[in-house]
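Single-letter residue listing:
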Amino acid sequence: MNFLRGVMGGQATGSQPSGAETIHKLCDRVASSTLLDDRRDAVRALKSLSKKYRVEVGNQAMDHLIHVLKTDRSDSEIIGYALDTLYNIVSSDLEEEEQEENTTKHSDDVGSQFAEIFMKDQENVTLLLSILEEFDFHARWPGVKLLTALLKHQGSQVQQIILVSPMGVSRLMDLLADSREVIRNDGLLLLQQLAKGNAAIQKIVAFENAFERLLDIITEEGNSDGGIVVEDCLLLLNNLLKNNNSNQNFFKEGSYIQRMKPWFEVGDDNSGWSAQKVTNLHLMLQLVRVLVSPVNPPGATSSCQKTMFQCGLLQQLCTILMATGVPADILTETINTVSEVIRGSQTNQDYFASVSAPSNPPRPAIVVLLMSMVNERQPFVLRCAVLYCFQCFLYKNQKGQGEIVATLLPSTIDANSISAGQLLCGGLFSQDSLSNWCAAVALAHALLENSTQKEQLLRVQLATSLGNPPVSLLQQCTNILSQGSKVQTRVGLLMLLCTWLSNCPIAVMHFLHNQANVPFLTAQISENLSEDEHLVQGLCALLLGICIYFNDNSLENYTKEKLKQLIEKRIGKENFIEKLGYISKHELYSKAGQKPQPSFSTPEQMLFDHEFTKLVKELEVLIIKSIHKSSEDEKKEEEVKKTLEQHDSIVTQYKELIREQDTQINELNQQVMSLTSQNEHLQSSVMQQQLQIQQHKDQYNLLKVQLGKDSHHHNSHNETVQVNGIQSEEVCSLREQVEDLKKQTEILKGQLEERDYVIESLHSGQLAVMPREQTASDGITEDQTSHLRKELESLQSQLQSQSAQISKLQNEKRELRHKLEKATAATSSASGDSGGTANSSDSEVKILGLKKDVDRLKEDVKALTESKASMEQQLASANSTIAILQTDKSKLQTELSESKKEQDDLLVLLADQDQKILALKSRLKELGEPVDDEDEMESGDQDDDVDDSHGDDDEEDEQS
């Protein structure tokens, strides 16, 4: 009170002021004081009174405190006092540890009311978010605590305000990166409340890199050995992932499942598990189950299961499963987790079947678990977990079902080892009713949707006692039923028998073969028993209905009709249907149908199996319809079934025939496409050859023009040549020889023109061949080939004559050189005389003229030699062109004949198909199926078209 006196000023005289009066004066100071220090002291005083005088402070000071938050943002100390005061008003956590229950409820109500008052103005939450951006500890930590308290009381309203606030969630995510652990830890609690029940916020938090930060914190804190911070991180992860498929997919694709494996690396020394470690590991196992829960989409669950096997997480869980010294609740949760990791995954189920316990000798993990299930000294929750694990191992696992049933068959029983089948039989016929029920349900799961194993289980023989013959497992189950055991035992055996006999007429025949079974069932159904026995009566009615519905009438005494008559006489149809309805009306039926995992609070509640409830829903309606039907209706239905089966078989045959024809048509279409592509390729090659011939022709014309220019130049040169002085007879003879060479050149030009004509005729012949090749007719005729050969022979003879002329010119050239040498020698001798003569100039002129004539002759000889070489090259190209054309002709003829053969085969196949279709339509008419006349008309038109196409082809062949 001294502190309050100091705050109020002066010493109190007389009666002490009440708490409400003191709070009123403090609020006045907060509202009216101009000095920041006075306001800070007043708010600090309100904080100290807020726990004891919570209601008074809340009623009088809340508005003033909110005003302080708005106006005094620069002073973090007063902001911290104001936030602490608001937290004490809103929070439902009391300092006193021992409070009565009604006081706690009153505290919650008061906190909720003040939170509602605070939330009336949405700007208050926005103001609080802006304060959280401050890094100052005095403002940030109280702000986190206050926002957490508001979320506890007004969660949905606060969530909506934060969602619409810009960067609202991102601001709160920054709390996880705060270096001060107390803010980070309270930030975890805040995010837990924020993400609870709001999928949109969960997605935003996840995409704000929450998984990475949380897993880093868990690793830093020591994984399962960490403290309560690890627990808070795991709770937040659970909130983000549970029932949120988007976040689960993001968690898997981010490779965060692989980072969960170190959580389960427990040491060999499992003694001394702390309570916090047990809690952490329990939450870690629950997090794994969230990812592989049966309620998740099947694709997402199977993907997570595959990842858990690949990263070694399943192997790590199986190690804990087989370890010693593990606490019972952790072992139970591990079994449940392994169950859902392997459920429906063939790879994981096969691995689990190969796991062995570290015992001497090693035993399969399945056997060790089943030993715990049928042991009545084991905890009830552990036995339920083992049953769930066995069910998940057999779920959609026909291979595992066969292995379990095989351990019961006489040929595979090993007397030296304990098998799963022996444990199940031992539990089925033990004195413990819970073991009976668990073993019966486990054995029923080995038969689900597996008719092969239902028939194999009929071979199982049991030795009941010494000296007595063995009895079948089916007979032993009915014997125990007739002995009147406990309700739980009978319910388990009846569920096993119903699962066994459904969809298996052979098992129904074996059951009816025992003359005592049907009277026992009718007696159980017709009696008026207590309410506890109603479920047994309903299951007996279901079993009898299965014997009717799946009866193949192989036993004369127990055909469908006789069993219906028996029900009508002994029980009554309405009474039978009423007893059948006892199953679905039971209070535990709907609870068992909610999820696959057995969830029973006490052993007495274990009456229904999840998969069995599905079977009841499926069979109940079918059995009721079967009971109401008469024999005539059943006969009609059987006839309809037979006709439908016949029609189905015929339709399947037609479908197979059509499939075969479709494949044949596709193959023929592919062949036609390949032939078309080959034809196009050949056409392109022919076009290329035409272009090459045209290029050769252009080159030849160019050479001819050049040769004409050269000859014209030589003529003009010869006309301008003049010889000064007296021309001798030798010069005249040389000129005559030049004239002869000119004539020979003219002859060669004529020959070149003839060769040009031959090449043009070849080119025109090839062009004539092209359309004939495109229409797949003959190529070059024999007459054209012989004509070409004659032309080639004439060209060769002309070339030989030209070579002879060239050799003659070379001889004349040598003679001229010889004469020139003589004239040169005479000139030199004449110039040796003294003084010289007057004829020396004439001789020099003569020699110069001879030299010019010789040079001109050399040029003529050189030109003729070049023209000969070019003509030889063109002759060789003409020969190669003729050879190429002949090879193309032979290829096209062979391809034409092959395409004609394939076209004829295709027409034959189409005709056969039309005949088969007509035969099938006539067959359908005979069977009474309607056939459209338009289809027949279309088929007839198609036949006419085919015939017309044949006629057209024949006409084209004749024309070709």
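## Here's the deal with the overall build of the protein chain
- A tally of helices and strands in the protein chain yields 40 helices and 4 strands.
- For the protein chain, the proportion of its 960 residues judged to be buried stands at 43%.
- A fraction of 72% describes how many contacts in the protein chain between residues 6 or more apart in sequence connect residues 24 or more apart.

## Re the packing of helix α14 (residues 228-241) against helix α16 (residues 275-291)
- Across the interface, α14 lies against α16 with an axial gap of 10 Å and an inter-helix angle of 15°. One element, α14, and the other, α16, form an angle in the roughly parallel class. Considering how the two elements wind past one another, α14 and α16 form a crossing that is left-handed. When α14 is examined against α16, the residues Ile-228, Val-230, Glu-231, Leu-234, Leu-235, Leu-237, Asn-238 and Leu-241 are found in contact with a partner set consisting of Gln-276, Thr-279, Asn-280, Leu-283, Met-284, Gln-286, Leu-287, Val-290 and Leu-291.

## Comments concerning the environment of Phe-309
- Its location among the elements puts Phe-309 in helix α17 (residues 298-310).
- Relative accessible area serves as the criterion here: at 24%, Phe-309 is assigned to the partly exposed category.
- With 42 residues separating them along the chain, Phe-309 and Tyr-351 place their C-alpha atoms 8.9 Å apart.
- Setting aside residues up to four positions removed in sequence, Phe-309 forms contacts with Leu-314, Gln-315, Thr-347, Asn-348 and Tyr-351.

## Overview of the packing of helix α21 (residues 365-373) against helix α24 (residues 420-428)
- Contact pair α21 / α24: the axes reach a minimum separation of 9 Å and the direction vectors enclose 10°. In terms of axis orientation, α21 runs roughly parallel to α24. Residues Val-367, Leu-370, Met-371 and Met-373 of α21 pack against Ala-420, Leu-423 and Leu-424 of α24.
- Residue classes in the contact of α21 with α24 are distributed as 7 nonpolar, no polar and no charged.

## Concerning the packing of aromatic side chains
- Using the criterion set out here, one finds 12 aromatic pairs in the structure.
- Considering the side-chain rings of Phe-211 and Phe-250, the 5.9 Å spacing of their centres and the 35° angle between planes classify their relative orientation as tilted. Taken together, the positions of Phe-211 in helix α13 (residues 210-221) and Phe-250 in helix α15 (residues 245-253) put the pair 39 residues apart, joining distant regions of the chain.
- Accessibility expressed as a relative area gives 0% for Phe-211, which makes it buried.
- Plain terms: the ring middles of Phe-352 and Phe-393 are 6.0 Å apart, the flat faces sit at 55° to each other, and that makes the pair tilted. Placement of the pair is Phe-352 in helix α20 (residues 346-354) and Phe-393 in helix α22 (residues 380-394), with a sequence separation of 41 residues. An identical accessibility class is assigned to Phe-352 and Phe-393; each is buried.
- Geometry around Tyr-87 places Lys-145 over its ring, the cationic atom sitting 5.2 Å from the centre.
- Positioned over the ring face of Trp-141 is Lys-145, at 4.1 Å from the centre of the ring.

## Description of the confidence of the model for the protein chain
- Per-residue confidence for the protein chain gives a mean pLDDT of 80; residues scoring 70 or more make up 77%.
- Within the protein chain, α22 carries the highest mean pLDDT (95), whereas helix α1 (residues 2-8) carries the lowest (42).
- Taken as a whole, residues 94-104 scores under 50 in pLDDT and shows 6 contacts with residues more than four places along the chain or in a different chain.

## What to know about a negative patch on the surface
- A contiguous patch of negative charge, built from Glu-898, Glu-902, Asp-904 and Asp-905, is present on the exposed surface.
- If you trace the backbone, Asp-905 turns up in helix α39 (residues 840-927).

## Focus: the environment of Ser-372
- Of note, Ser-372 is situated in helix α21.
- Separated by 11 residues in sequence, Ser-372 and Arg-383 place their C-alpha atoms 6.5 Å apart.
- Residues within four places of Ser-372 in sequence aside, it is in contact with Gln-378, Arg-383 and Val-386.

## What to know about helix α9 (residues 155-164)
- Burial in α9 covers these residues: Gly-155, Val-158, Gln-159, Ile-161 and Ile-162. In an axial view of α9, the angular spread of the buried residues amounts to 165°, which keeps them on one side of the axis.

## Considering unusual backbone geometry
- Its identity as a non-glycine residue notwithstanding, Asn-209 has a phi of 70°, on the positive side.
- Tracing the sequence through the fold places Asn-209 in the loop between α12 (199-207) and α13.
- Taking the relative accessible area as the measure of exposure, Asn-209 reaches 38% and is therefore partly exposed.
- One non-glycine residue, Asn-553, adopts positive backbone phi at about 60°.
- When you line up the elements, Asn-553 lands in the loop between α31 (534-549) and α32 (560-571).
- For Asn-553, a relative accessible area of 35% translates into the label partly exposed.

## Topic: the pattern of salt bridges
- Scanning all chains against the criterion turns up 20 salt bridges.
- Between Lys-399 and Asp-350 there is a salt bridge, and its shortest N-O distance comes to 4.0 Å. Within this pair, whereas Lys-399 is found in helix α23 (residues 398-406), its partner Asp-350 is found in helix α20, the two being separated by 49 residues in sequence.
- We classify Asp-350 as partly exposed; its relative accessible area is 30%.
- Connected through shared salt-bridge partners, Asp-37, Arg-40, Asp-75 and Glu-77 make up one network.

## Thoughts on the side chain of Asn-88
- Positionally, Asn-88 belongs in helix α5 (residues 76-90).
- Apart from residues no more than four positions distant in its own chain, Asn-88 is found in contact with Lys-47, Ser-50, Lys-51 and Arg-54.

## Comments concerning the state of the cysteines
- Using the criterion set out here, one finds 0 disulfides in the structure.
- Free cysteine: Cys-389, not disulfide-bonded; nearest cysteine sulfur from Cys-392 at 6.9 Å.
- Look at Cys-389 and you get buried, because its relative accessible area is 1%.

About the cut-offs
Sequence order as written defines residue numbering, which begins from 1 separately in each chain. Under the rules for a predicted model, residues below a pLDDT of 70 receive no local features and side-chain atom pairs below 80 are neither given nor counted, while totals for whole chains, interfaces and linings still include all residues. Only hydrogens and water are set aside when side-chain values are computed; all heavy atoms of the structure are taken into account. Strands are runs of DSSP state E lasting at least 2 residues, helices are runs of H or I lasting at least 4, and numbering of each runs from the N terminus. Between buried and exposed lies partly exposed: a residue is buried under 20% and exposed over 50% of the maximum accessible area for its type, with that area taken using a 1.4 Å probe on protein chains only. Note on definitions: a residue-residue contact is assigned when non-hydrogen atoms from the two residues lie within 4.5 Å. Helix axes are fitted to C-alpha atoms over the stretch in contact, other axes to C-alpha atoms as well, and angles between N-to-C directions run from 0 to 180 degrees. Comment on the angle field: the value is read as roughly parallel under 35 degrees, roughly antiparallel over 145, roughly perpendicular from 65 to 115, and oblique elsewhere. With the far helix as reference, a near helix turned anticlockwise by less than a right angle produces a left-handed crossing, and one turned clockwise produces a right-handed crossing. In this classification, the charged set is Asp, Glu, Lys and Arg, the nonpolar set is Ala, Val, Leu, Ile, Met, Phe, Trp, Tyr, Cys and Pro, and all remaining amino acids, among them Gly, are polar. The aromatic pairing rule takes the rings of Phe, Tyr and Trp, using the six-membered ring of Trp, and pairs them if the centres are within 6.5 Å, calling planes under 30 degrees apart stacked, those over 60 edge-to-face and the rest tilted. Geometrically, a lysine NZ or arginine CZ counts as sitting over a ring once it is within 6 Å of the ring centre and also within 35 degrees of the ring normal. Confidence of the predictor at the level of single residues is captured by pLDDT, which takes values from 0 to 100. Patch membership requires more than 30% relative accessible area and the absence of a salt bridge. Residues of like charge join within 9 Å; the nonpolar side chains Val, Leu, Ile, Met, Phe, Trp and Tyr join within 5 Å. Surface accessibility in these figures is a Shrake-Rupley result with a 1.4 Å probe; residues are shielded only by whichever protein chains are displayed. The working definition used for a salt bridge is a side-chain nitrogen of Lys or Arg within 4 Å of a carboxyl oxygen of Asp or Glu. Residues scored as positive are Lys and Arg, those scored as negative are Asp and Glu, and His as well as the terminal groups of each chain are ignored. To locate a charge, take NZ of a lysine, CZ of an arginine, CG of an aspartate or CD of a glutamate. In this context, the arc is that of the directions from the helix axis out to the C-beta atoms. Here, the term disulfide refers to a pair of cysteine sulfur atoms separated by no more than 2.5 Å.

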